[in-house]
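# Coordinate analysis (summary)
Chain residues, written in single-letter form:
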Amino acid sequence: MIEFFLNGQPQRVAVTPDTSVLELLRGPLGQCGTKEGCASGDCGACTVAIAHPQDGHPQDGHPQDGHPKGAPRALAYRTANACITPAHQLQGAHLITVEGLARGDALHPAQASMVACHGSQCGFCTPGIVMSLFALHEQQRKTPDAALDPHRLEASLDGNLCRCTGYRPIRDAALSMGDRADVRPPWADDPALEKQIRALTRQPAEADDDSSTPGYQTPATLAELIATMQRHPEAPLVAGATDLWLDVTQRLERFDTLIDLRQVRELRQIEEEANGWWIGAAVTYREWEPLLAEHYPAFAHLLTRLGSDQIRNRATVGGNIANASPIGDTPPVLLTLDARLRLAGPEGIRELPLESFFLDYKKTALEPGECVAAIYLPQPRADHELRVWKLSKRREDDISTLLGAFRWRLRDGVLADVRVAFGGMAATPLRLQAVEAALEGQAPGEDAFEIAKQALRDSLTPMSDARGSREYRLTAAVNLLERWRLTLARADSNVPTPEVALDAYAH
Ligand SMILES: Cc1cc2nc3c(=O)[nH]c(=O)nc-3n(C[C@H](O)[C@H](O)[C@H](O)COP(=O)(O)OP(=O)(O)OC[C@H]3O[C@@H](n4cnc5c(N)ncnc54)[C@H](O)[C@@H]3O)c2cc1C
Ligand code: FES
Ligand code: FES
């Protein structure tokens, strides 16, 4: 049994571990405004907005963001793909769907703008687009005098596809929301309702929290998590579910039991140390982004190309590492940053370099009963540089064909501390030590890079698949080395590094 609010109304419903938010809405709750298109998180037709009061707590975010410790934040409504969001994760949340925006006949600005700008034709994508615009409008209301940042606008819509109108009228709708009457949804700005939402616990109401029976298990601490994993050794772990749920919708798997990581306190926090940060495995990209933007802008820039807003709001770095996909975006970057992992299991905690974690295709160093607890991100040295280039068929919301990450510093005109890693080139994300050795201690000229390119050709036999042939991948990887060389040459001649311009054709 879970308890949550739907468009301001209290709900108490029974769900199984494999019920999605979309199934719950369109089935038992009879709310069919939210559509199903792809059922895989790609099209955005099922977009809803979810606020979890606890997610606003400083422990869940960047500890340096200046928010007074312990003070409750305003509820933040974040978009999610209802098709791949487990329904039990609604416990304690406020769920907003397209049915909940208009006040009587008065349309919400997101809806009024779509009508006025002719942003809808067949209408199938429209509820999802309206929900993404709603979330954008909520953010804009916090800074009403600021012009809408074009990057924010694009990010807000990067998880929504429309086959009919084209995107210009939808973009126009986004740009003109601020000019319309600020009709507030009936449930908004109601302190009594907000108090009721905050009073809900994050733990399910009854029965399902009997930890010996199947169902969704929601441990609150790392010790409880390890004990739950021992009681249910076959049960999958779930964090954002943006990978795992494709097993349900695409491979039609069913789960008797799921172990949810999103409430495990130790996995949800970012711990700062003298020389770096331990990022809890269940920290989402949205929560991690401010820290990366401050210390690793090139890494933060990559996040704008990882999935969509809906995905980034829910997906976790722990899920990206633990699923050990050869085309996961964060592992190659983390390899160049000498990241380490903290693994937790029945024998206690152990640490190992990320490089030792990936053993073979989808095989990791996790022992039975172990999970990834946290990822250590060292603080950058002031003179370290990082570049990350992702090549994918589509710019928005697409998995990498390949991704190259490069870290270095220049010491007396020669390259030092060189790290080179690639995703999409082998069965696992890979650090290329032969390429690093070819460049370490060398001036970054054509000669050194020719040797490095040959080392790359000699050390890799990439796979061929629907995203790219072996030949394409090898050529593109060599070309990324050339791009890096040109970046260094331009930096040397004081021409600003053309990161954004280069990225414009990196897809
Ligand atoms: C539309 C779409 C676009 C995407 N785009 C990208 C992209 O551009 N780049 C990219 O890299 N990925 C992308 N992904 C994949 C996915 O979003 C990421 O891999 C994400 O980081 C997974 O995190 P999660 O929390 O959702 O993992 P989940 O789905 O919850 O879990 C993934 C797997 O890891 C296991 N697991 C999770 N956490 C732990 C842990 N702490 N310890 C041990 N095991 C654990 C789970 O059991 C499961 O097997 C995309 C997915 C979708 C649906
Ligand atoms: S139905 Fe396409 S993203 Fe959910
Ligand atoms: S209006 Fe038809 S898909 Fe967008």
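The structure displayed is predicted, hence computed values, not measured ones.

## Details of empty space enclosed by the protein
- In total, this model carries 2 cavities of 30 Å³ or more according to the counting rule given.
- Counted as a void, the largest cavity has a volume near 70 Å³.
- Lining the largest cavity are Y77, R78, T79, S132, A135, L136, Q139, R152, S156, R286, D309 and N313.
- Elements with a minimum of two residues in the lining of the largest cavity: strand 4 (78-81), helix 3 (126-142) and helix 4 (150-157).
- Here the lining of the largest cavity takes 4 residues from helix 3, the largest share from any one element.
- Its residues assigned to classes, the lining of the largest cavity shows 3 nonpolar, 5 polar and 4 charged.

## Some points on the packing of helix 2 (residues 109-116) against helix 3
- Orientation of helix 2 relative to helix 3, taken along the N-to-C sense of each, is 125°, at an axis distance of 8 Å. Here helix 2 is positioned oblique relative to helix 3, judged by the angle of their axes. Once helix 2 is placed against helix 3, the crossing between them reads as right-handed. In contact with P109, A110, Q111 and M114 of helix 2, helix 3 contributes T126, I129, V130, L133, F134 and H137.
- Class assignment for the residues of the contact of helix 2 with helix 3 results in 7 nonpolar, 3 polar and no charged.

## Here's the deal with the pairing of strand 17 (residues 402-411)
- Taking burial as the measure, the 10 residues of strand 17 include 8 buried ones, the bulk of the element.
- Judged from the 7 bridges that link them, strand 16 (residues 385-391) and strand 17 form a sheet pairing that is antiparallel. If you follow V388 over to strand 17, its bridge partner there is A405.
- In terms of strand pairing, strand 17 meets strand 18 (residues 414-423) through 8 bridges, oriented antiparallel. Residue pairing in the sheet places R411 in a bridge with V414 of strand 18.
- The turn joining strand 17 and strand 18, which pair antiparallel and follow one another in sequence, is formed by 2 residues; a positive phi near 50° is taken by D412.

## Looking at the site of ligand 1
- Of all residues adjacent to ligand 1, which total 34 residues, the nearest are L237, T242, D243, Y285 and T316.
- G307 is positioned with one of its backbone polar atoms (N or O) 3.0 Å from an oxygen atom of ligand 1.
- Residue T316 places a side-chain N or O atom 2.6 Å away from an oxygen atom belonging to ligand 1.
- Coverage of ligand 1 by the protein chains reaches 92% of its 980 Å² of free accessible surface.
- For the shell around ligand 1, the secondary-structure elements that each account for two or more residues are strand 7 (237-238), helix 12 (317-322) and strand 15 (371-378).
- A total of 3 residues in the shell around ligand 1 trace back to one element, the largest contributor, which is helix 12.

Reading guide: rules and limits
The residue count restarts for each chain, going from 1 along the sequence in the order it is written. Chain A is the first chain written and ligand 1 is the first ligand written, with later ones labelled in order. Per-residue local features are limited, in this predicted model, to residues with pLDDT of at least 70; the limit for side-chain atom pairs, both in listing and counting, is 80 or more; totals at the level of whole chains, interfaces and linings are taken over all residues. To obtain the side-chain values, all non-hydrogen atoms of the structure were included, while hydrogens and water were left out. Cavities and pockets are found on a 1 Å grid laid over the protein atoms alone: a cavity is a set of points where a 1.4 Å probe fits but cannot escape, a pocket is an open set with protein on both sides within 12 Å along at least five of seven lines, and a lining residue has an atom within 4 Å of such a point. Grid points are joined across faces, edges and corners, and a volume is the space filled by probe spheres set on the points. Think of it this way: any DSSP run of H or I at least four residues long counts as a helix, any run of E at least two long counts as a strand, and we number them from the N terminus. Here the term charged refers only to Asp, Glu, Lys and Arg, the term nonpolar to Ala, Val, Leu, Ile, Met, Phe, Trp, Tyr, Cys and Pro, and the term polar to all other amino acids, Gly among them. Comment: axis = line fitted to C-alpha atoms, over the contacting stretch for helices; angle = value between 0 and 180 degrees taken between N-to-C directions. Just so you know how the angles are binned, under 35 degrees is roughly parallel, over 145 roughly antiparallel, 65 to 115 roughly perpendicular, and the rest oblique. Take the far helix as the reference: if the near one is turned anticlockwise from it by less than a right angle, the crossing is left-handed, and if turned clockwise, right-handed. Contacts are assigned to residue pairs with any non-hydrogen atoms lying within 4.5 Å of each other. Relative accessibility thresholds used throughout: buried, under 20% of the residue-type maximum; exposed, over 50%; partly exposed, between the two (1.4 Å probe, protein chains only). Pairs of strands are assigned from DSSP output, requiring at least two bridges between the strands. A single heavy atom is enough: if one lies within 4 Å of a molecule or strand, its residue is considered near that molecule or strand. Two N or O atoms form a polar contact when they lie within 3.5 Å of each other; inside protein one atom must be a possible hydrogen donor and the other a possible acceptor, and for residues adjacent in sequence the pair counts only when both atoms belong to side chains. Accessibility throughout is a Shrake-Rupley quantity obtained with a 1.4 Å probe, and a residue counts as covered only by protein chains that appear here.

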